[in-house]
Amino acid sequence: MKTNEHIGSVAWLNARLTMEVLTTARIQIVDDLVSVILLAAVSNANTSHLDARPDLSQRYLAVGSVTDDLRRPAAVSSLARSLGVPRETARGKAHDLIAQGLIEMAPDGLILRSDALQADPIRSASGAFMESIERFILGLARMEVCGLDETWTLAAPTPEVQWGALRLVTANMLRSIAHVMDLAPDMSPLSAYIMLAV
């Protein structure tokens, strides 16, 4: 039986994973916290309908396999509401991301293009993202939770597994931020980021 200490440790590992992914994205992709979170939210909105179905999630694991026509566009107003930022802020950050070539405006909303995932700066950040995921999993193994034990090691994942893991971590990161914001509904993403860091 796992104790509250284990639960707290897993929560700390999850918060550390979220912080590491956000920090890596800020350093290597775009140096603006709200833009990083917006980019993650666009990516998640574009593919979450596929990840909700295991058969489709497995079929579209490889980076770039989810073509732009399979991505569900994300409306700026929906993103603003889910992230707790003013619509004007989300719109301005989206325009900056469009100008950088990371996302595009489709007729129904924003899309993180599949070719942008395969190019720098996102491609170059993927190694650091995977190192964060590995630290998270090894932390779980040290605590002997989730069916892991201290003898467990992480095999070098295939590129398909890496991109599948990154999509799961992106969704988890957004849930973590949303959970912190649910604790205090007036909290901004920056405040949630600071709260996770503490």
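Remember, it's a predicted structure, so these values are computed and weren't measured experimentally. (Residues numbered from 1 in each chain as written. Predicted model: local features only at pLDDT ≥ 70, side-chain atom pairs only at ≥ 80, totals over all residues. Heavy atoms only, no water.)

Within the protein chain, the secondary structure is distributed over nine helices and two strands. Helices and strands in the protein chain line up, N terminus first, as α-α-α-α-α-β-β-α-α-α-α. Over its C-alpha trace the protein chain gives a radius of gyration of 17 Å, about what one expects of a compact globule, namely 16 Å for 198 residues. Dimensions of the protein chain, computed from C-alpha atoms along their principal axes, come out at roughly 50 × 40 × 30 Å. Burial analysis of the protein chain (198 residues in total) assigns 44% to the buried set. Across the protein chain, contacts joining residues at least 24 apart in sequence account for 68% of those joining residues at least 6 apart. For the protein chain, the accessible surface area stands at approximately 10,500 Å², while carbon and sulfur atoms represent 56% of it. Here the protein chain contributes 17 positive and 22 negative side-chain charges, whose respective centroids are spaced 4 Å apart. (Helix = DSSP H or I, 4+ residues; strand = E, 2+ residues; numbered from the N terminus. Rg over C-alpha atoms; globule rule 2.2 N^0.38 Å. Buried < 20%, exposed > 50% of the residue type's maximum accessible area, 1.4 Å probe, protein only. Contact = heavy atoms within 4.5 Å. Areas by Shrake-Rupley, 256 points an atom, 1.4 Å probe, with all protein chains shown as cover. Lys, Arg positive; Asp, Glu negative; His and termini not counted. Charge placed at Lys NZ, Arg CZ, Asp CG, Glu CD.)

Alignment of strand 1 (residues 103-106) against strand 2 (residues 109-112), held across four bridges, turns out to be antiparallel. Bridge assignment links Ala106 to a residue of strand 2, and that residue is Gly109. (Pairing = 2+ DSSP bridges.)

Turning our attention to helix 2 (residues 33-51). Counting along an α-helix, one turn takes 3.6 residues, and residues three or four places apart therefore face a common direction. For helix 2, which comprises 19 residues, the first-to-last C-alpha distance of 25 Å matches the rise-based estimate of 27 Å (1.5 Å per residue) to within 8%. Bending of helix 2 peaks at approximately 35 degrees at the position of Ala45. Counting buried residues in helix 2 gives 15 out of 19 residues, a clear majority hidden from the surface. Where helix 2 starts, the residue carrying a side-chain oxygen 3.4 Å from the main-chain nitrogen of Val34 turns out to be Asp32. (Expected span 1.5 Å × (residues − 1). Bend = angle between axes of the 7 residues up to and from the residue. Polar contact = N/O pair within 3.5 Å; in protein donor to acceptor, adjacent residues only side chain to side chain.)

Residue position: Ser65 is located in the loop between helix 3 (54-59) and helix 4 (76-83). In sequence terms Ser65 and Leu110 are 45 residues apart; their C-alpha atoms lie 18 Å from each other. Aside from chain neighbours lying at most four places away, what touches Ser65 is Arg59, Tyr60 and Leu70. A distance of 3.1 Å separates a polar atom in the side chain of Ser65 from the backbone oxygen of Tyr60.

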